[in-house]
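Residue-level listing of the chains:
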Amino acid sequence: MEPTEEVFFQLQELKEVIQELKEQIKEMQTMHEVQQESITSLIALSQKQTTVIEQQTSVIQQLVSR
């Protein structure tokens, strides 16, 4: 059974849609990776800020207890 021109055309359209979806998935994966890197950076920054706050609190407590 030979495919008709209509079926062939539909298959071509389907291939194009699949290719577009693959490209969108790659873009989304790239965005996800960038977001993960940003989250990791924010966590590291937050940890540094916490350390600084703890150090400041320690200094204030020492000054107050004198």
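Check the entry above for the structure.
The following paragraphs examine the structure supplied in this document. (Residues numbered from 1 in each chain as written. Predicted model: local features only at pLDDT ≥ 70, side-chain atom pairs only at ≥ 80, totals over all residues. Heavy atoms only, no water.)

Some points on the overall build of the chain
Consideration 1: Within the chain, the regular secondary structure consists of 1 helix and 0 strands.
Consideration 2: For the chain, the C-alpha radius of gyration of 28 Å lies well beyond 11 Å, the compact-globule estimate for 66 residues.
Consideration 3: Taking all 66 residues of the chain together, the buried fraction comes to 0%. (Helix = DSSP H or I, 4+ residues; strand = E, 2+ residues; numbered from the N terminus. Rg over C-alpha atoms; globule rule 2.2 N^0.38 Å. Buried < 20%, exposed > 50% of the residue type's maximum accessible area, 1.4 Å probe, protein only.)

Things to note about a negative patch on the surface
Consideration 1: A surface patch of like charges, here negative, comprises Glu6, Glu13, Glu16, Glu20, Glu23 and Glu27.
Consideration 2: Tracing the sequence through the fold places glutamate 13 in helix H1 (residues 5–64).
Consideration 3: Residue class for glutamate 13 comes out partly exposed when judged on its relative accessible area of 38%. (Patch = residues over 30% accessible without salt bridge, like charges linked within 9 Å, V, L, I, M, F, W, Y side chains within 5 Å. Areas by Shrake-Rupley, 256 points an atom, 1.4 Å probe, with all protein chains shown as cover. Salt bridge = Lys/Arg side-chain N within 4 Å of Asp/Glu carboxyl O. Lys, Arg positive; Asp, Glu negative; His and termini not counted. Charge placed at Lys NZ, Arg CZ, Asp CG, Glu CD.)

Digging into the environment of methionine 31
Consideration 1: In this structure, methionine 31 sits in helix H1.
Consideration 2: Methionine 31 gets classed as exposed once you look at its relative accessible area, which sits at 52%.
Consideration 3: Along the backbone, methionine 31 and valine 7 are 24 residues apart, and their C-alpha atoms lie at a distance of 36 Å.

Focus on a nonpolar patch on the surface
Consideration 1: A cluster of nonpolar side chains, namely Val7, Leu11, Leu14 and Ile18, defines an oily patch on the protein surface of about 320 Å² accessible area.
Consideration 2: For isoleucine 18, a relative accessible area of 40% translates into the label partly exposed.

Quick word on the environment of valine 17
Consideration 1: Here valine 17 shows up in helix H1.
Consideration 2: For the pair valine 17 and serine 46, spaced 29 residues apart in sequence, the C-alpha separation works out to 43 Å.

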